Each structure stands twice: as C-alpha cells, then as structure tokens.
Amino acid sequence: TERQLDGSRILLAEDGLDNQRLICFHLKKAGATVDLASNGRIAVDKAIDALQNEVPYDLILMDMQMPELDGYGASRELRDQGYKGPIIALTAHAMSGDRDKCIEAGCNEYATKPIEREKLLATCRMMLAQTVNG
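Nothing here was measured: the structure is a model prediction, and the numbers come from that model.

Asks: Looking at this structure, how should I read the overall build of the chain?
Replies: When helices and strands are counted, the chain shows five helices and five strands. Element order for the chain, N to C, with α for helix and β for strand: β-α-β-α-β-α-β-α-β-α. The globule rule puts the C-alpha radius of gyration for 134 residues at 14 Å, and the 13 Å found for the chain is close to it. Considering the chain as a whole, with its 134 residues, one finds that 48% of them fall into the buried category. Taking the intrachain contacts of the chain between residues at least 6 apart in sequence as the baseline, contacts between residues at least 24 apart amount to 63%. Here the chain displays about 6,800 Å² of accessible surface, and carbon together with sulfur accounts for 50% of that area. In the chain, which carries 16 positive and 21 negative side-chain charges, the distance between the mean positions of the two groups comes to 4 Å.

Asks: Looking at this model, I keep getting lost on helix α2 (residues 40-52). Mind explaining?
Replies: Residues lying three or four places apart along an α-helix face the same way, a consequence of the helix completing one turn every 3.6 residues. Taking 1.5 Å per residue as the helical rise, α2 with its 13 residues ought to reach 18 Å, and the 18 Å between its terminal C-alpha atoms agrees with that figure. Looking at the buried side of α2, the elements it contacts are β1 (9-13), β2 (33-37), β3 (59-63) and α3 (71-80). Backbone nitrogen of Arg41 and a side-chain oxygen of the N-cap are separated by 2.9 Å at the start of α2; the cap is Asn39. One or two positions beyond α2, positive phi appears at Glu54, with a value near 60°.

Asks: I would appreciate a short explanation of the pairing of β3 in the present structure.
Replies: Judged by how many residues are buried, β3 sits mostly within the fold: five of five residues are covered. Burial along β3 is two-sided: Leu59, Leu61 and Asp63 facing one way and Ile60 and Met62 facing the other are all buried. Taken together, the four bridges between β1 and β3 define a ladder with parallel strand orientation. Opposite Leu11, over in β3, you have Ile60 as the bridge partner. Bridging between β3 and strand β4 (residues 87-91) involves four bridges; their strand directions are parallel.

Asks: Can you help me understand the nonpolar core in this one?
Replies: Formed by 24 residues in total, the largest nonpolar core has its most connected members in Ile60, Met62 and Leu78. Counting residues per element, the ones that place at least two in this core are β1, α2, β3, α3 and β4. It is α2 that contributes the most residues to this core, five residues altogether. Counting 20 residues, the second-largest nonpolar core is a separate cluster that includes Ile23, Ile88, Leu90 and Leu120.

Asks: Is there a simple way to think about the pattern of salt bridges in this case?
Replies: Pairing is possible between side chains that carry opposite charge, provided their charged atoms lie close to one another. Counting across every chain of the model gives eight salt bridges. Ionic pairing is found between Asp6 and Arg3, a salt bridge with its closest N-O pair at 3.1 Å. Overlapping salt bridges, with partners in common, bring together Glu14, Asp63 and Lys113 in one network.

Rules and cut-offs
Residues take numbers from 1 onward in each chain, read along the sequence in its written order. Local features in this predicted model are restricted to residues of pLDDT 70 or higher, and side-chain atom pairs are both shown and tallied only at a pLDDT of 80 or more, whereas totals for entire chains, interfaces and linings draw on every residue. Where side-chain values are given, they derive from all heavy atoms of the structure, hydrogens and water being excluded. A run of H or I in DSSP counts as a helix once it spans at least four residues, and a run of E counts as a strand once it spans at least two, with each numbered from the N terminus. For this measure, only C-alpha atoms enter the radius of gyration; the expected value for a globule follows 2.2 Å times N^0.38, where N is the number of residues. Between buried and exposed lies partly exposed: a residue is buried under 20% and exposed over 50% of the maximum accessible area for its type, with that area taken using a 1.4 Å probe on protein chains only. Contact between two residues is taken to exist if any of their heavy atoms lie within 4.5 Å; hydrogens are not considered. The Shrake-Rupley method, run with a 1.4 Å probe, gives the accessible areas here. Residue values count only the displayed protein chains as cover. Counting rule for charge: Lys and Arg are taken as positive, Asp and Glu as negative, and neither His nor the chain ends is counted. In this description, the location of a charge corresponds to atom NZ of lysine, CZ of arginine, CG of aspartate or CD of glutamate. In this scheme, a helix's expected span is set at 1.5 Å multiplied by one less than its residue total. For the purposes of these results, a polar contact is taken to be a pair of N or O atoms within 3.5 Å, where, inside protein, one atom must be able to donate a hydrogen and its partner to accept one; residues adjacent in sequence count only when each atom of the pair is a side-chain atom. Any two strands with at least two DSSP-identified bridges between them are counted as paired. In this description, a nonpolar core means a group of buried Ala, Val, Leu, Ile, Met, Phe, Trp, Tyr and Cys residues linked to one another through side-chain atoms lying within 4.5 Å. Salt bridges are defined by distance alone: a side-chain nitrogen of Lys or Arg within 4 Å of a carboxyl oxygen of Asp or Glu.

Put into structure tokens, the structure is as follows:
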C-alpha cells in the first residue's frame, strides 16, 4: 500500500508552507508526482496549461483559504473553463455546510485539515479510481 498513488500527477494548491511540505511528503511517498501552486490564480493557470498541453493533472488538491484567489473561486473558474478532472477541497472547516459549499464550487470531494495521511490517501485513491473508471 506504500505506492498507492503510483504514477499519478497531482496539483497541490496550498499557500501554507507547513501544509505544502506535509502533504507533498505524503503524496510523493505514495508514488505521486506533485506540482505546487501557492494560490488559486496559479492553480488555475497551471491546471489549464496542463490541459491545453494534453498532460492534464490526474487530481487537484485545492486549499479553500488562499490569497489572491481562494479555492472556491479557483474551482469555479476551472469548471467554467471546462476542466473535468477531480478536485478535492482541503479545508480547516469541518462544519456540516462546508462540504456542500465545496461541492457547489465544483469540487468532487473534500478533506479536512489537519491532514490525516490515511484519510487523504484514501480520498485521493477513490477519486483517481473514479476517473479511471468513469
């Protein structure tokens, strides 16, 4: 189970350095290639760029609280531009309405912070499996 994300390309949109380090570590250890975006604007640009170059990301992990363009705005913008890949919201808010708010913004699923390694990897695996099969 160590290499459960082998070969997947993931875009991590996260402005916190500690979270960048931690999440990258878990994803890379699981076999994924990770690109970083420190805000939503950069995330949208990278994702659309990759799509246009026909090397789309397999998955985007989107922090909802970021400077310049937050995760909600970035997810909406990606969907408006025709991005179909899975987006997992990362949020420190685990309130009942938060998941709905993330889903409404165009995210497929969400994970709460602080990050729990097993939960995060399981969510990533589930989203990647759906993409492969769907």
